[in-house]
Amino acid sequence: MKFGVSTFITDQGIRPAPLGRAVEERGFDSLLIAEHTHIPVERRSPYPGGGDLPEMYYRTLDPFVALSAAASVTGRILLGTGIALVAQRDPIVTAKEVASLDLVSGGRAVFGVGVGWNREEMENHGADPTTRGRMVNERLRAMRELWTKEKAEFHGEFVDFDPVYSWPKPVQEPHPPIYVGGAEGAFPRIAELGDAWLANRTTPEKLAPKIEQLRSTAGRDVPVTVYAVGDDVPTIEGFRDLGVERLLLYLPTLPESESLKTLDQLADVASRFAE
């Protein structure tokens, strides 16, 4: 089982370059970061975690800028979004950002995606929350065309463009892996468009039956990465016993000195499971 780090990079915490360097130096295999373009002042959508929305949600850096900074000082770790809010993103621009990150990192980009939960945030981007699932699927299909075709063309309900040139192409072939976030509703999306399931804040007991359901839906053994895992050893053992491919240990958003101390603690936990 592999270990990475998941976090929110903000203007109040450790900067992306020293974070990326520290993650790599401590032997982790990946860094995945969250995205929110903004948070509307008036919100109706309840925070999935319950209670007030944490301040880090209001202050995230652009993920592709942050990951490019981390790429410039690292040479091994995977660098990914956890998750990119595809319903709020132009697919042509996003395809270029993902391909550019893959190029500057030497083929280390991971495209973690999801539909999102903050309806007001989506609406500010012109997205209809009631159709966001279909929109995300279509935008992912369009992005795959842009990554893999010299002359890409797409005609759909939400995305429509005649043949275009779009470079750079990703280093990874046919494109960077797509890690699909979400619960059971995302399983058909994973089956068609995903390379892995990015499960969020769960337990081994809850995950086990969902893995079987995902395999049934996809018709194949889909790799599973779990996002925002704590440092509880018995819980980690439970994920290992389920055959989870990767755990992304959660790093709270902290100043640099505190982040480095916390990363040391997380690395110590991960080292107990070194193969």
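The coordinates are above.
Residues numbered from 1 in each chain as written. Predicted model: local features only at pLDDT ≥ 70, side-chain atom pairs only at ≥ 80, totals over all residues. Heavy atoms only, no water.

**Notes on the layout of surface pockets**
Here the largest pocket is characterised by a volume of approximately 910 Å³. Lining the largest pocket are 34 residues, with P48, I83, W117, G182 and N200 sitting closest to its centre. The dominant element in the lining of the largest pocket, judged by the number of residues it contributes, is strand 9 (residues 196-200), at four residues. Residue composition of the lining of the largest pocket, by class: 17 nonpolar, eleven polar and six charged. (1 Å grid on protein atoms, 1.4 Å probe; cavity = no way out; pocket = protein on both sides within 12 Å on 5 of 7 lines; lining within 4 Å. Points joined across faces, edges and corners; volume = space filled by probe spheres on them. Helix = DSSP H or I, 4+ residues; strand = E, 2+ residues; numbered from the N terminus. Nonpolar A, V, L, I, M, F, W, Y, C, P; charged D, E, K, R; others polar.)

**Examining the side chain of R132**
You can see R132 is positioned in helix 5 (residues 132-148). A distance of 2.8 Å separates a polar atom in the side chain of R132 from the backbone oxygen of P129. Look past the residues within four positions of R132 in its chain and what remains in contact with it is A87, V115, G116, R119 and M122. (Polar contact = N/O pair within 3.5 Å; in protein donor to acceptor, adjacent residues only side chain to side chain. Contact = heavy atoms within 4.5 Å.)

**Quick word on helix 8 (residues 233-241)**
Of the positions making up helix 8, those classed as buried are V233, I236, G238 and F239. Elements that come into contact with the buried residues of helix 8 comprise strand 1 (2-7), helix 7 (204-218), strand 10 (224-229), strand 11 (246-250) and helix 9 (256-271). Following helix 8 by one or two positions, G243 adopts a phi angle in the positive range, close to 85 degrees. (Buried < 20%, exposed > 50% of the residue type's maximum accessible area, 1.4 Å probe, protein only.)

**Comments concerning the pattern of salt bridges**
Going through the model one piece at a time under the given rule, you end up with 18 salt bridges. Between R44 and E120 there is a salt bridge, with its nearest N and O atoms 3.4 Å apart. Separated by 76 residues along the polypeptide, R44 in the loop between strand 2 (30-33) and helix 2 (63-71) and E120 in helix 4 (residues 119-124) bring together distant segments of the chain. Salt bridges linked by common partners bring E35, D62, R89 and E97 together as one network. (Salt bridge = Lys/Arg side-chain N within 4 Å of Asp/Glu carboxyl O.)

**Points about a nonpolar patch on the surface**
Taken together, L103, V104 and V171 make up a surface patch of nonpolar side chains, about 250 Å² in accessible area. Tracing the backbone shows V171 in the loop between strand 7 (160-164) and strand 8 (178-181). (Patch = residues over 30% accessible without salt bridge, like charges linked within 9 Å, V, L, I, M, F, W, Y side chains within 5 Å. Areas by Shrake-Rupley, 256 points an atom, 1.4 Å probe, with all protein chains shown as cover.)

**Section: the nonpolar core**
Formed by 70 residues in total, the largest nonpolar core has its most connected members in F3, F28, F111, W197, L207, I236 and L247. Sorting elements by how many residues they give to this core places helix 5 first, with seven residues. (Core = buried A, V, L, I, M, F, W, Y, C linked by side-chain atoms within 4.5 Å.)

**Digging into the packing of helix 1 (residues 16-25) against helix 2**
Each packed pair of helices is defined by two parameters, the angle between the axes and the distance between the axes. Contact pair helix 1 / helix 2: the axes reach a minimum separation of 7 Å and the direction vectors enclose 55 degrees. On the basis of the axis angle, helix 1 is oblique to helix 2. Between helix 1 and helix 2 lies a crossing of right-handed hand. Of the residues in helix 2, those in contact with P16, A17 and G20 of helix 1 are A66, A69 and A70. Broken down by class, the residue content of the contact of helix 1 with helix 2 amounts to five nonpolar, one polar and no charged. (Axes fitted to C-alpha atoms, helices over the stretch in contact; angles between N-to-C directions. Parallel < 35°, antiparallel > 145°, perpendicular 65-115°, else oblique. Left-handed = near helix turned anticlockwise from the far one by under 90°.)

**Quick look at unusual backbone geometry**
Omega for the bond connecting G82 with I83 falls within 30 degrees of zero, at 10 degrees, which places this linkage in the cis form. Tracing the chain through its elements places I83 in the loop between strand 3 (78-81) and strand 4 (84-85). Residues W167 and P168 are joined by a peptide bond in cis, for which omega reads 5 degrees. Within the secondary structure, P168 sits in the loop between strand 7 and strand 8. Although it is not a glycine, R201 adopts a positive phi angle of roughly 45 degrees.

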